[in-house]
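If you want the building blocks of each chain, they are given just below.
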Amino acid sequence: LSKENNMVYWGQSGKALMNHEIPSGFKEDFVQTSLGKLEIYKKEADNNLPIILYFGGNGEHANLSLDWLDKEFKDNTVYSFNYPNYGKSEGSVGQKNIETMFLEASRKLLNDKPVILVGRSLGTGFSTYVASNITNVKGLILITPYSKIVDVACERFVYIPSFICKTFMENQMDNTNFIKESKIPVLIVYAKGDTTISNENTQELIDLNSNIKTIEVIETNHNSIMNHPLTKKSAIDFINNIN
């Protein structure tokens, strides 16, 4: 299990990719959960617009995408979470621990206020989990999402029999059940030819719900998609339609 967690969450213990250019409106803070403190970066606005909760990708420090979040959601309160054992967050990685800490922290920060959740890559599984367990969710943005993380692992480690992946991996993160039943607005943005999460894997998710808005971004990849103008425009248009 520890070997699995080290592969799935390779940004632990100071290894997470960091961007030290913190926008002036953001500041570091901590949220206490039953499994330890979570480090967050927050920008708070005094208005009734939905709060943005951001769950980043594998190896992504919570401050890496603050500039993107600041520009795309300039008028909203924004919270970006560090995974357990990333940055200054306490606790241990692993699906169950992360789900518990993210959900407890989200409930404390939101206090039933309207929210839009944004998940990026690995974080799409935790954004859908939180969305399925809190109230007043106005929308969900998934950037380079997967249907099930266990299927991504099976695709990547072809030398491991598929049934072993699907039976014994602790980190199963399954986006399919929530998306299949979702009645809230959902935006999926993905990179054509993504070599980290295959388009076929993402398409399995898209096919589950005819109401999902999808944007395919060409001439980009799994990581650079965040900086593509179409990704930015899609996020702005989506949130404006919700407001």
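Residues numbered from 1 in each chain as written. Predicted model: local features only at pLDDT ≥ 70, side-chain atom pairs only at ≥ 80, totals over all residues. Heavy atoms only, no water.

Novice: How should the pattern of salt bridges be read in this particular structure?
Specialist: Should the charged atoms of two oppositely charged side chains come close, the side chains can pair. All chains considered together, the criterion is met by seven salt bridges. Lys42 serves as the salt-bridge partner of Glu44, at 4.0 Å between the closest nitrogen and oxygen. Residue Lys42 is classed as buried on the basis of its relative accessible area of 11%. Among the salt bridges present, the one from Asp237 reaches Lys233, with a minimum N-O distance of 2.6 Å. Taken together, the residues span about one helical turn, with Asp237 and Lys233 both in helix H9 (residues 229–242) at a distance of four residues. Each of the salt bridges in this network shares a partner with another, and the network as a whole consists of Asp29, Lys42 and Glu44. (Salt bridge = Lys/Arg side-chain N within 4 Å of Asp/Glu carboxyl O. Buried < 20%, exposed > 50% of the residue type's maximum accessible area, 1.4 Å probe, protein only. Helix = DSSP H or I, 4+ residues; strand = E, 2+ residues; numbered from the N terminus.)

Novice: What should I look at first to understand the sheet that holds strand S5 (residues 115–120) in this one?
Specialist: The strands making up a sheet associate through hydrogen bonds between their backbones, and the pairing can be parallel or antiparallel. Pairing within the open sheet is mixed, and its eight strands lie in the order S1-S2-S4-S3-S5-S6-S7-S8. Each having just a single partner strand, strand S1 (27–33) and strand S8 (213–217) make up the two edges of the open sheet. Looking at each pair of strands side by side, their axes are set apart by 20 degrees on average, direction ignored. The pairing of strand S6 (residues 137–143) with strand S7 (residues 186–191) spans four bridges and is parallel. (Pairing = 2+ DSSP bridges. Axes fitted to C-alpha atoms, helices over the stretch in contact; angles between N-to-C directions.)

Novice: Where do I start with the packing of helix H3 (residues 95–110) against helix H4 (residues 123–131) in this structure?
Specialist: For any two helices packed against each other, the geometry comes down to the angle between their axes and how far apart the axes lie. Remark: H3 packs on H4, axes separated minimally by 10 Å, with the N-to-C direction vectors making an angle of 55 degrees. Of the possible angle classes, the one that applies to H3 and H4 is oblique. Crossing geometry of H3 relative to H4 is assigned as right-handed. Contacts between H3 and H4 involve Gln95, Ile98, Glu99, Phe102, Leu103 and Ser106 from the first element and Phe126, Tyr129 and Val130 from the second. By residue class, the composition of the contact of H3 with H4 is six nonpolar, two polar and one charged. (Parallel < 35°, antiparallel > 145°, perpendicular 65-115°, else oblique. Left-handed = near helix turned anticlockwise from the far one by under 90°. Contact = heavy atoms within 4.5 Å. Nonpolar A, V, L, I, M, F, W, Y, C, P; charged D, E, K, R; others polar.)

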